[in-house]
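So you can see what is in the structure, the chains are spelled out below.
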Amino acid sequence: MDHAEQISHIKTLLARLDSGTNVDAGGVRYNPTTAYTDRSLAAIERREFFDTHPQLVGLSGDLPEPGSFVTQNDLGTPLLLVRSPSGRFRAFVNACRHRGVVLESQARGRKRRFACPFHNWTYDADGALCGLPKSEHFGELDRDDLGLVELPAAEHCGLLWVHPRPDGVLDPEALLGAELTADLAGWDFGALAWLGGDAYSVECNWKLAMDTFGETYHFPVLHVDTLSNDFYGNVQCYDEFGRHHRLILCRRVIEEARQRPPSEWNITRYGLPVYWLFPNVQLIPSREVLFLVRAYPHPDDPGRHTSQISFYLRPGIARDEAEIDFFAEASRGFGTVIRDEDYVMSASQQLSANSGALEHVVFGRNEPALHHFHNTYRAALGQELLELHPTA
Ligand code: FES
Ligand SMILES: [Fe+2]
């Protein structure tokens, strides 16, 4: 985000604070609670948005050097993500080609070779089969044909992308669009180092987890003792980028900007951008760290999901191990607020949705990100859009 745009957003936040207004969707929308409970819809979403859709699986910093690897089991396909000896990001199905055992069971690490725990077939970081004990029992095998199954993989804007199908089409720039690509490129995400992460299994639909990132109306109530100490609630900037969008939250320290020339303003000092990337990602870059949330539906229960939370440190921020630990703990603490405050509300919303007692919920004029998120996935599935009901 260039500095002129940063200044413009900060002026908007100040003006909204002064006038007591917020971004305005121009009306309300009613979302059927079946969006969170319908089993056939959940199966379609899983197929269309997860099993056959490109996925953001992490940041370049997850794979800092040749031989670095990460495994993931959030999709139907078990993933082995590696930085090859040449430095290229590659993605494989994490399954041995002998009889299909999951090859690598560690969550992350660094290896030159991956050895199957069943009969010790081994593969290098380019996925090639390089060891086959007692190979005479297999006769003439075409080893070139027995490398790990490779998946389309790309590194774009410092983000790691994978298509979970070997024949899938992966084009991150087309997915994001030119404007959002340019915006994200400005953050230099490729320079960030992995700091840590957590996984939260929550009894709510994955879309309820996404919903909680779509407004700050709840800050002075739900987060009165936590995030509200640092952020004004119910005031934000909001912009759409095709299927994606970005909120900018308002830090209380923005009051300082009134005393300083705009040339000294910085969006990460006075605000907090929150990007939603279709369909299941929140990217939250601050001055020191980046917070990444990926929400995954449960395989067969629409009322459950897992949020994978990862955090990354900007270069030059921490001077020693103690400071690195400080930022890791602070990031974990932010995750804990989401888990113990936001996701408690999400599970509560799921409970009432499951009962069927409410036909719909209401998205306010000050919650345009929720209007956009739900209508975007509805449009992607060919469903009727939620209608805007203008209010006075
Ligand atoms: S299943 Fe992997 S070596 Fe046999
Ligand atoms: Fe929240």
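Keep in mind that this is a model prediction, so the values were computed, not measured.

Some remarks on the nonpolar core
Formed by 89 residues in total, the largest nonpolar core has its most connected members in Leu 80, Leu 81, Leu 160, Ala 209, Leu 290 and Tyr 312. When residues of this core are assigned to domains, at least three map to each of domain 1 (3-53 + 177-380) and domain 2 (55-170). Aside from chain neighbours lying at most four places away, what touches Leu 290 is Phe 189, Leu 192, Leu 283, Ile 284, Pro 285, Phe 311 and Tyr 312.

A short note on the sheet that holds strand S8 (residues 122-124)
Spatially, the 3 strands line up as an open sheet ordered S7-S8-S9, and their pairing is antiparallel. The open sheet terminates on both sides in strands that have one partner only, identified here as strand S7 (113-115) and strand S9 (129-131). Across the sheet, the mean angle from the axis of one strand to that of its neighbour is 35°, orientation sign disregarded. Inspection of the sheet shows S7 paired to S8 by 3 bridges, in the antiparallel sense. Across the sheet, Phe 114 pairs through a bridge with Tyr 123, a residue of S8.

Here we look at the environment of Val 281
Assignment of secondary structure puts Val 281 in strand S17 (residues 281-285). Overall, the presence of 19 C-beta atoms within 10 Å leaves Val 281 in the partly exposed class. When the C-alpha atoms of Val 281 and Ser 105 are compared, they prove to be 25 Å apart, with 176 residues separating the residues in sequence. Other than its neighbours up to four places away in sequence, Val 281 contacts Leu 56, Trp 276, Val 293 and Arg 294.

Re helix H9 (residues 368-380)
Here H9 is 13 residues long and its end C-alpha atoms lie 18 Å apart, about the 18 Å a rise of 1.5 Å per residue gives. For H9, the full list of buried residues reads Pro 368, Ala 369, Leu 370, His 371, His 372, Phe 373, His 374 and Tyr 377. Directly beyond the C-terminal end of H9, a positive phi value near 75° is found at Gly 382.

So, the domain arrangement of the protein
Accessible area lost when the parts come together is the quantity often used to give the size of an interface. For the protein, the domain assignment lists domain 1 (3-53 + 177-380) and domain 2 (55-170). Computed from C-alpha coordinates alone, the two centres of domain 1 and domain 2 are separated by 31 Å. Counting from both sides, the interface comprises 22 residues of domain 1 and, opposite them, 17 residues of domain 2. Elements with a minimum of two residues in the side of domain 1 that touches domain 2: helix H2 (39-51), helix H4 (178-185), strand S13 (193-202), strand S18 (289-297) and strand S19 (305-313). Broken down by element, the residue count for the side of domain 1 that touches domain 2 peaks at 4 residues, all from S19. Looking at the side of domain 1 that touches domain 2 residue by residue, the classes come out as 12 nonpolar, 7 polar and 3 charged.

Each value, and the rule that gives it
Residues numbered from 1 in each chain as written. Chains lettered and ligands numbered in written order. Predicted model: local features only at pLDDT ≥ 70, side-chain atom pairs only at ≥ 80, totals over all residues. Core = buried A, V, L, I, M, F, W, Y, C linked by C-beta atoms within 7 Å. Buried ≥ 20, exposed ≤ 12 C-beta atoms within 10 Å, placed from the backbone. Domains from an automatic or database assignment. Contact = placed C-beta atoms within 7 Å. Pairing = 2+ DSSP bridges. Helix = DSSP H or I, 4+ residues; strand = E, 2+ residues; numbered from the N terminus. Axes fitted to C-alpha atoms, helices over the stretch in contact; angles between N-to-C directions. Expected span 1.5 Å × (residues − 1). Nonpolar A, V, L, I, M, F, W, Y, C, P; charged D, E, K, R; others polar.

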